[in-house]
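Listed below are the residues making up each chain.
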Amino acid sequence: MNRRVKEFCTIYIVVIIVICVFYCIGFFFLFKDDSHNEIALPFLKEKNNNIQQFTTPTPIYFQLQIPAPLTPTPITTPSPQFPPSYPRINRNSDSIAILLMSCNLLTISKTLDLLVQYRPSKQQFPILVAQGCDSNSAIKLTRSFKEVHFVFHKDWNSLLSPFEQENQEKDYAKQYQKILDLTFNYYGFQAAVVLRDDLLVSPDFYEYFSATLPILQADPTLWCVSAWNDNGKLELVDINATDLLHRTDSFPGMAWMLTKSIWLELESKWPNINLETWIREPAQRRERSCIRPELSRTKPSSWVGVIGDSLFDTYFQFIYLSEVKINFTSQNLSYLKKEHFDSKLVEAVQNSTIASYQELMDGKVRCNGSIQIQYDGQKELQNISKSFGLMDNFINEILPTSYQGVLTFMYKMKRVYLVPKQGSLGLKLVDDRIESAVQNTSNFTNFKTKTKEEG
């Protein structure tokens, strides 16, 4: 008899346990949230405006009543190619997206620290980290920053494996294409700043891009704004010209801003490989220029993200990163529009003292103002640039930081202009006014010399 009682009790306990397990599972699915924080209940029935009744498919003797969930309002209508699992972004209509391209570099921690520290508004400058590599350490590090939006497309892992040498350029191009498409076509941003995960930024990084965006949008002869000066080494810049900006025909890259209209122009012909070369080709540039600063607003933090440690050791580590916060948005930057900038450049060249490279090197130039050195063709310009420590690599016949064939920098606290000689082949002159200015200045110098000799 005792044995039967024990067996009955055991069976009873097992049945109770099984029922409890089933009810626990039911509760789990009952209150389970999906990616949009909405309650996922397939058997939802409306009882009234404020109460929802949930009936499980198991015995009807159990019913639960809870308030109806609030449905979140999406900021945009998702396009078909992007699933609704992407993060929702609270932004303004004129917000500028900050796109941080990430792979497996742990230097992203420094970049994010500065971006978050200097950011004046989360809504005005949403930060999207585009994780393109399956790097657990980098992903974990990125997710530790709660004030940024982490984007990792489910297909990216197969497309963007950790950068191997043979696949690096292809992965690089696809990663940019994905995040730019997401930014402009899914979220609907009108402008975005793209930067790498190994860069440092200045305190006025956001001010710089906020102030230059209206110029970029209004001037059809511009197509990008960059925070980088290729010739930004301390000895080559005016350390006191903290708010000075220039136009350049080169594409500086590093940390750069483009508009949605430029993306719509480029997206249909986006390359599968060699993005860095492709974006600098004449077919993409179309005779347009970029804005660049006198003092860089960004620089690489280490050699890891640079092509070879020798380039970082000999060049990039010496780029001067601006440390002063300039209120660019309160300044009149209309001088950057082509008609104003070209006129000022002609005037500056016309008022500069003509000297040879050797005279300047030998300290024979005596003047208080700027200096003009004329060159004849690309080869001579390349040799002079190399002698001054400037970037001397031509890309599609354009030297970094040059504008219409004129290259400006500082040498021993004096502004120097490298200007093509009259009739020089290989590079364009600014226009006929530059030739006239150079010729008039040269004639005036010759006249003074001749008068002095006759006297």
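Right, let's walk through the structure included here. Since the model is a prediction, treat every value here as computed from it, not as a measurement. (Residues numbered from 1 in each chain as written. Predicted model: local features only at pLDDT ≥ 70, side-chain atom pairs only at ≥ 80, totals over all residues. Heavy atoms only, no water.)

Observations regarding the overall build of the chain
When helices and strands are tallied, the chain shows 14 helices and 17 strands. Here the chain holds 455 residues, and the buried ones make up 45% of them. Contacts in the chain between residues far apart in sequence, at least 24 positions, make up 72% of those at least 6 positions apart. (Helix = DSSP H or I, 4+ residues; strand = E, 2+ residues; numbered from the N terminus. Buried < 20%, exposed > 50% of the residue type's maximum accessible area, 1.4 Å probe, protein only. Contact = heavy atoms within 4.5 Å.)

Some points on helix H13 (residues 377-388)
For H13, spanning 12 residues, the distance from its first C-alpha to its last is 17 Å, which sits close to the expected 16 Å at 1.5 Å a residue. Inspection of H13 places Gly377, Leu381, Ile384, Ser385 and Phe388 among the buried residues, and these make up the whole buried set. Seen along its axis, H13 keeps its buried residues to an arc of 100°; they face one direction. Of the exposed residues in H13, the ones pointing more than 90 degrees away from its buried face are Lys379 and Lys386. Those residues of H13 that are buried lie in contact with helix H12 (357-361), strand E15 (371-375), strand E16 (407-411) and strand E17 (414-420). (Expected span 1.5 Å × (residues − 1). Arc of directions from axis to C-beta.)

A word on the state of the cysteines
Applying the stated criterion to the full structure yields one disulfide. One disulfide in the model links Cys224 with Cys290; its S-S distance is 2.0 Å. With the S-S dihedral at roughly 120°, the linkage between Cys224 and Cys290 falls on the right-handed side. Of this pair, Cys224 sits in strand E9 (residues 222-226) while Cys290 sits in strand E12 (residues 289-293); the two residues are 66 residues apart in sequence, bridging distant segments of the chain. Classification of Cys224 as buried rests on a relative accessible area of 0%. You can call Cys290 buried: its relative accessible area is 0%. (Disulfide = S-S within 2.5 Å.)

A look at unusual backbone geometry
A negative phi angle characterises most non-glycine residues, just as the trans form characterises most peptide bonds. The phi torsion at Met254 lies on the positive side, around 60°, for a residue other than glycine. Following the sequence through the fold, Met254 ends up in the loop between strand E10 (245-248) and strand E11 (256-259). Located in the positive-phi region is Met413, a residue other than glycine, with phi close to 70°.

What to know about the pattern of salt bridges
Under the definition given, this model contains 10 salt bridges. Two residues, Asp249 and Arg285, come together in a salt bridge whose shortest N-O distance is 3.8 Å. Of this pair, Asp249 sits in the loop between E10 and E11 while Arg285 sits in helix H9 (residues 282-285), and the two are 36 residues apart along the sequence. On the basis of relative accessibility, which here comes to 7%, the residue Asp249 falls in the buried class. Arg285 sits in the buried class, given a relative accessible area of 11%. Measuring nitrogen to oxygen at the nearest pair gives 2.9 Å for the salt bridge that ties Lys338 to Asp342. Highlighted residues: Lys338 and Asp342, both in helix H11 (residues 338-350), separated by four residues, approximately one helical turn. (Salt bridge = Lys/Arg side-chain N within 4 Å of Asp/Glu carboxyl O.)

What about the nonpolar core?
Ranked by internal contacts, the top residues of the largest apolar core, which has 49 residues, are Ile98, Leu115, Leu195 and Phe205. Top contributing element to this core by residue count: helix H6 (residues 205-218), with eight residues. Non-local contacts of Ile98, meaning those with residues more than four positions away in its chain, are made with Leu115, Phe125, Pro126, Ile127, Leu128, Val193, Leu195 and Tyr206. Counting 33 residues, the second largest nonpolar core, distinct from the first, contains Trp223, Cys224, Phe251 and Trp278. (Core = buried A, V, L, I, M, F, W, Y, C linked by side-chain atoms within 4.5 Å.)

What to know about the packing of aromatic side chains
A full pass over the atoms with the stated rule returns 16 aromatic pairs. With centroids separated by 4.8 Å and ring planes inclined at 80°, the aromatic side chains of Tyr186 and Tyr187 adopt a geometry described as edge-to-face. Of the two residues examined, Tyr186 and Tyr187, each falls in the buried class. The interplanar angle of 70° and the centroid separation of 6.3 Å between the aromatic rings of Tyr187 and Phe189 together place this pair among those described as edge-to-face. (Phe/Tyr/Trp six-rings, centres within 6.5 Å; stacked < 30°, edge-to-face > 60°.)

Details of the sheet that holds E17
In space, the four strands of this open sheet follow the order E14-E15-E17-E16, with mixed pairing throughout. One side of each edge strand has no neighbouring strand; the edge strands of this open sheet are strand E14 (353-354) and E16. In terms of strand pairing, E15 meets E17 through five bridges, oriented parallel. Bridging across to E17, Gln372 finds its partner in Tyr417. Running at roughly 135° to E15, H13 makes contact with E15, E16 and E17 of the sheet. (Pairing = 2+ DSSP bridges. Axes fitted to C-alpha atoms, helices over the stretch in contact; angles between N-to-C directions.)

So, the pairing of E10
By the alternation rule, side chains of E10 split into Leu245 and Arg247 and His246 and Thr248, which are all buried. Of the strand pairs in this sheet, E10 and E12 are connected by four bridges, and their pairing is antiparallel. From the neighbouring strand, Thr248 faces E12, where its bridge partner is Cys290.

Quick word on the sheet that holds E10
Spatially, E6-E5-E4-E7-E11-E9-E12-E10 is the arrangement adopted by the eight strands of the open sheet, whose pairing is mixed. Each having just a single partner strand, strand E6 (149-151) and E10 make up the two edges of the open sheet. Within the sheet, the average angular offset between the axes of one strand and its neighbour, ignoring direction, is 25°. Where strand E5 (residues 127-131) meets E6, three bridges bridge the pair, whose relative direction is parallel. The partner of Ala130 across the bridge, within E6, is Val151.

Notes on the environment of Asn272
You can see Asn272 is positioned in the loop between helix H7 (260-266) and helix H8 (275-278). By relative accessible area, Asn272 is classed as exposed at 54%. Spatially, the C-alpha atoms of Asn272 and Lys174 are 6.7 Å apart, while their sequence positions differ by 98 residues.

Interpretation note: all reported values are geometric properties and have no functional meaning in isolation.
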